[in-house]
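Listed below, chain by chain, are the residues.
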Amino acid sequence: MDIARTPTTPDGNPHLADAAPEPQQPPEILREDYTPFPWLVPTTHLEFELGVDTTRVIATLEVQRNSAAEPSRTIRLNGDGLELVELHCDDEDCLAHTLDGDDLIVTLEGERHTLRIVTELNPSDNSQLMGLYASNGMLCTQCEAEGFRRITFFPDRPDVLSTYTVRMKGPKAQFPILLSNGNKTDSGEEGESHWAEWHDPWPKPSYLFALVAGDLVARSDRFITMSGRDVELNVWVREGDLPRTEHAMESLKRSMKWDEETFGREYDLDLFNIVAVSDFNMGAMENKGLNVFNTKYVLADPETATDGDFDAVEGVIGHEYFHNWSGNRITCRDWFQLSLKEGFTVLRDQLFSQDMGSAPVKRIEDVRILRGVQFPEDSGPLAHPIRPDSYREISNFYTSTVYNKGAEVIRMMRTLANFGADEDAFRQGTDTYFDTHDGEAATCEDFVSSIERGTGLDLKQFRLWYSQAGTPRVEIAQSHEGNVAALRLKQHVPATPGQPDKNPMPIPLRIALFDRETGRHWGEHLVVLDTAEKEVRFEGFSQSPVLSINRGFSAPVTIKRDIAREDLLFLAAKDDDPFARYEAMQDLMVDHHVAAVSGNLDDDGIEAGRADICAALSAVIADDTLDDLMRGELLSMPNQTYVMEQFDKADPERIHEAREALKAAIGTRLSSELHQAYARAEKLPFSHSAEAKGARKLKTLILGYAAAGDPDKAAELAAHQYEHADNMTDRQGALMTLAGLDTVERTNALLDFYNRYQDNALVIDKWFALQASSPHPNAIEHVKALAEHPDFTLKNPNRVRSLYMPFAANPPAFHSADGEGYRMISDLILELDPLNPQTAARFVPPLGRWRRIEPGRAALMRAELQRIADASKLSRDTYEQVTRSLG
Ligand code: B3K
Ligand code: ZN
C-alpha cells in the first residue's frame, strides 16, 4: 500500500504546502518530561534487500503493552525522511495510522500485535551518514543516537530493548560479506545473490543495531575469556589495508584481557567483529558484536601512522570494546543520561591506556584535552552539565563535557573511594553497578547510588557535579605561623547559561607540602573542599612549606593562587607527582605570557622571566631520572587556546606574539642543549618501545624550538629528518616544522609527501592538516588553496575535519584581524549543513567563543554567526548551536 506524505515543518508539525514558511524552531526536549514508553517490543525481525541505490527493509515488530507505563491507544514509531511502502498489523493492511511529522502513529486496540512495516531507502543518497549509507561501494549503518529511524519506523529511544534477528540478501559479487550484530545463524545462495541471517541474543536498543555489506577481508584471531569462552575476532577492511590491522587486533585482545582483570567484565558472544569504514562522522561505534570504526582508528603501521595514531587506535578500540558493558549490557534510559555510558567508558579507556603505556604522560594528555576543549566549552555559550537538562538535537551533546568532564567526575568518585585505602573500593562500586543494572536502561542516578552502596561513600552533595555546569575556580591563600602551615581555600562555580547561581560542590584536592630544605614531603593529603570557604591547618612546619596542589589533577577545576616564582621553580624541578611537576612548568610559562601580554613586565621583567623558564627547561633536559616521554611533556609550551582561556577577553594576536617570542628565546638560549638532546635521540633506531617513542617526541619538539630560534638551521635539520625518516612520526614531525617555514625545503617536502602518499587517504588527511595548523604567515591562503585541491571533498568527514579543524584551532590564521578566518568557517558551515549537518554543527563552537575575544574580533565573529542564523534553511543541529552561540 502506498501512502502519501503530508508536508511538514522542520519541527514535525503538518502544515499546508502553500503556507508561509514557519520560523525554524525545533522543539526543546526536556529531561524532566521523561515517561516510559507504553509498549514493549520483545522481538524485531529485519529483512534487507540490499542495493546501493535502493534497499528495501521489511521490519516485523512484536509489540505488547508495557504494564509499567501509562496505557496508550496508539504507538509512536519514529521516522526520519522515510518512505512508507506498506504497513500491516497482524497480517492485515493497517489503515488506523497517521503521520505526525516524520513519525508514524498507529492505533492499536489489543494487548499484543505484530506490525509489518516496509520502507525503501536510497543509501547512496545518504550524505548525512546516519542510518544506512554507502561508502566506497559498501553499505554500512550508523544509528546512534537517532539514525535507526532513517531505516525503518521504530520506537527509536534507548529504553526500548528488543531481541533482533536480521536477514540480509544482496548481489554476491558486490557484497560478498554480510554482517550484523550477534552470531551468524544461517546463510545461503540464490543465483547471483546470497543471503545471511544473524541473531543477537542480547536485547538492545535500536541505536546499537548495525549492518555491513561489502567486499571486505578480515584479519582473524581468537580470545579465550576468563570463563573459557572461545571468541572469534575479526577486523574487516578493504583488501589492501590488511597489513595495517595488526595493531588494532592486538589492541582488541589487550582490551578484552584488561577489562576482565580490572573491572571483572567478560565478553558475552562467540564473535566480535570490527569493520573499518572511510566515511564516518566520528571515531567509532560500539554496536553490539559489530563495532564500526573510522579507518583512522583501525589502520596503523609505522610507515603511515604516527606514535600518536598508534595510541589513538589502542584507545578507541579499548573504548568501543569497554562499551560492551558500560553502554550495551547497561544502556541509557534516555539521551540525557549519555554520560552514564560515555563518561564512564572514557574513564575506562583512559585507565586502560595508562596501564598500557606511560601513566603520567597519559594523564597529562587527558588533562590537556580537557583544558583545551572542555574548559572553553564550560566557560562559553554552549556550557551544559554532564547530564544536560534539555536539547533540541542530541547529536550536539556528544561533547567534551559529557565525555571528558564526565570521566573526570567518575574519576573523582574513584579518588574519594580509594584515597588512602588498601583495597580498590571503587571496584566494589562498579561491581555493584554492573550487578544491579545488567540488562537495563539506567540513569546517572542509578550509577551514583550504586557507587554509594558499593563503596560506602555519601555522594549526596557530589551529585551537584551532574547538575551544575561551569568549571569551579578554587582560590588558595597560604600562610604560616609558628609551626602551623594554613591553607585558606575558596571555591566559586561561575554562572553558565540558564544557571546563574551555583552551590558549592565537593572538590577533592590531593595535596603535598614540601620542605624547602630537604625537597621532601611527608605524604599526601586529600582535602575535600565542600563549602564555599574552608581553612585547613598542618602542624610541624618550622618554615613555610611549598604547596603542591591538585596533584594528578584530582579535580577538574582551575586553581588560582599567588605563588612565588621560586616555589614554581622548586616544584618544576622536584615535585614527585609527575602531573604536578608538569603543571608547575606550565604555570611558569602561562604566568609569563599573561604578564607579558598584560603589559605588566618591562624589559628586565621579561628577561628575568625568560631566564627562569630557560633555567627550568635546562634542568629538565639534564635530569636523568626522567624518560623522554615525560621530558617531552615538561618541555612543551602551553598551547595558545589554554593561554587565551586565562584572559576575560583575549587578544589572539598579542598572545601569539608573546608565545612566539618566548619560543624563540628558548630556541636561541638553549640551542646547544637542545641540539645535543636531538643528537642523542637521533641515534635510537625505530621501535615501539617507550624509549624510542620518547626519542621521537623529543626530536619533533626540538625542531619546533629550533624553527623559532634559528629557522635556517631548523630547515636543514628538518629536511634531513624528513629525508631519512623510516617512520611517519619522524616524517610528519619534520614536515610540520618545514610547513611553518618560508623555505625551498618546505615546497619540496610537501610535494614529496603528497606524491609518496597520494593513494592513502589517511596520510593525505595529515598533509591537509599540517598545512592548516601551520604557524606559516600565509596559512590562511594555503587553506583557501587546499579547499580547491582536487583531493578535497565535503563528502568525506575525515577530509573536511583534516583541513578545517586544525585551521579553526590555529589562532593566528583563524583570528586573522580582517575576519577572513571567521568567514571561511561560516562559509564552510553553510555549504556543509545541507549535506552533513552533524559535521557542519561541529564547526560552530570556535565562532561561539566570541565573548571571550577582544571586541573588534568578537564583533566579526558574532556577525558570521548571525549570517548563518539568517540562512533560509538550517538543520536542527546547526540551528541549535548557532542560536545558543549567539545567546
Ligand atoms: N557512541 C558513539 C558515539 C555516537 C555519536 C553519535 N553522534 C561512539 C563512542 O562514544 O564510543
Ligand atoms: Zn563512547
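Each value, and the rule that gives it
Residues numbered from 1 in each chain as written. Chains lettered and ligands numbered in written order. Predicted model: local features only at pLDDT ≥ 70, side-chain atom pairs only at ≥ 80, totals over all residues. Heavy atoms only, no water. Buried < 20%, exposed > 50% of the residue type's maximum accessible area, 1.4 Å probe, protein only. Helix = DSSP H or I, 4+ residues; strand = E, 2+ residues; numbered from the N terminus. Pairing = 2+ DSSP bridges. Donors = N, O, S within 2.8 Å, 3.2 Å for Na, K, Ca; no water. Expected span 1.5 Å × (residues − 1). Contact = heavy atoms within 4.5 Å. Salt bridge = Lys/Arg side-chain N within 4 Å of Asp/Glu carboxyl O. Phe/Tyr/Trp six-rings, centres within 6.5 Å; stacked < 30°, edge-to-face > 60°. Near = heavy atom within 4 Å. Polar contact = N/O pair within 3.5 Å; in protein donor to acceptor, adjacent residues only side chain to side chain. Areas by Shrake-Rupley, 256 points an atom, 1.4 Å probe, with all protein chains shown as cover. Nonpolar A, V, L, I, M, F, W, Y, C, P; charged D, E, K, R; others polar.

1. Examining the pairing of strand β7 (residues 97–100)
Argument step 1. Of the two faces of β7, only the one carrying His 97 and Leu 99 is buried; Thr 98 and Asp 100 on the other face are not.
Argument step 2. Following β7, the chain reverses through two residues before pairing antiparallel with strand β8 (residues 103–107); Gly 101 in that reversal takes a positive phi of roughly 65 degrees.

2. Overview of the sheet that holds strand β3 (residues 55–65)
Argument step 1. Judged by pairing direction, the sheet is mixed, and its eight strands sit side by side in the order β6-β5-β9-β3-β2-β12-β15-β14 without closing on themselves. Of all the strands in the sheet, just β6 (92–93) and β14 (183–190) have a single pairing partner and so form its edges.

3. A word on the coordination of the zinc ion (ligand 2)
Argument step 1. Within the protein, the atoms that donate to the zinc ion (ligand 2) are His 319 (NE2), His 323 (NE2) and Glu 342 (OE), at distances of 1.9 to 2.1 Å.
Argument step 2. If you list the donors of the zinc ion (ligand 2) from N- to C-terminus, the spacing comes out as H-x3-H-x18-E.
Argument step 3. The buried category is assigned to His 323, whose relative accessible area is 0%.

4. Notes on helix α1 (residues 246–263)
Argument step 1. With 18 residues, α1 extends 25 Å from end C-alpha to end C-alpha; this agrees with the ideal 26 Å at 1.5 Å per step.
Argument step 2. All of the buried residues along α1 are His 247, Ala 248, Met 249, Ser 251, Leu 252, Lys 253, Ser 255, Met 256, Trp 258, Asp 259, Glu 260 and Phe 263.
Argument step 3. Next to the buried residues of α1 lie β17 (217–224), β18 (230–237), β19 (271–277), α2 (307–322), α3 (338–356) and α6 (425–437).
Argument step 4. Two residues or fewer past α1, Gly 264 is found with a positive phi of approximately 70 degrees.

5. A short note on the pattern of salt bridges
Argument step 1. Taken as a whole, this structure holds 73 salt bridges when the rule is applied.
Argument step 2. Asp 389 is paired through a salt bridge with Arg 31; the nearest N and O atoms lie 2.8 Å apart. Residue Asp 389 is found in the loop between α4 (359–378) and β23 (390–391), and its partner Arg 31 is found in the loop between β1 (29–30) and β2 (39–49); the two are separated by 358 residues along the sequence.
Argument step 3. Note on Asp 389: relative accessible area 34%, which makes it partly exposed.
Argument step 4. The salt bridge partner of Glu 820 is Arg 823, with a shortest N-O separation of 2.7 Å. Placement of the pair is Glu 820 and Arg 823 together in helix α24 (residues 820–832), with a separation of three residues, close to one helical turn.
Argument step 5. Residue class for Glu 820 comes out buried when judged on its relative accessible area of 17%.
Argument step 6. On the basis of relative accessible area, Arg 823 is assigned to the partly exposed category, the value being 31%.
Argument step 7. A single salt-bridge network, built from bridges that share partners, covers Arg 510, Glu 524, Arg 551, Asp 575, Asp 576 and Asp 577.

6. Let's talk about the packing of aromatic side chains
Argument step 1. Summed over all chains, the structure comprises 39 aromatic pairs.
Argument step 2. Between Trp 258 and Phe 263, the aromatic rings sit 5.8 Å apart at their centres with planes inclined by 55 degrees, giving tilted as the arrangement. Just as Trp 258 is buried, Phe 263 falls in that class too.
Argument step 3. When the ring of Tyr 804 is compared with that of Phe 843, the centres are 6.4 Å apart and the planes differ by 90 degrees; the resulting orientation is edge-to-face. One end of the pair, Tyr 804, is in helix α22 (residues 797–808); the other, Phe 843, is in the loop between α25 (837–841) and α26 (844–848), and 39 residues separate them in sequence. You'll find Tyr 804 and Phe 843 in the same group, each marked buried.

7. Structural notes on the site of ligand 1
Argument step 1. The environment of ligand 1 is made up of 13 residues, and the closest members are Glu 144, Ala 284, Glu 286, Glu 320 and Tyr 403.
Argument step 2. A distance of 3.1 Å separates an oxygen atom of ligand 1 from a polar side-chain atom of His 319.
Argument step 3. Coverage of ligand 1 by the protein amounts to 94% of the 330 Å² it exposes when considered alone.
Argument step 4. Counting residues per element, the ones that place at least two in the shell around ligand 1 are β20 (284–285), α2 and α3.
Argument step 5. Class assignment of the residues belonging to the shell around ligand 1 gives a composition of five nonpolar, three polar and five charged.

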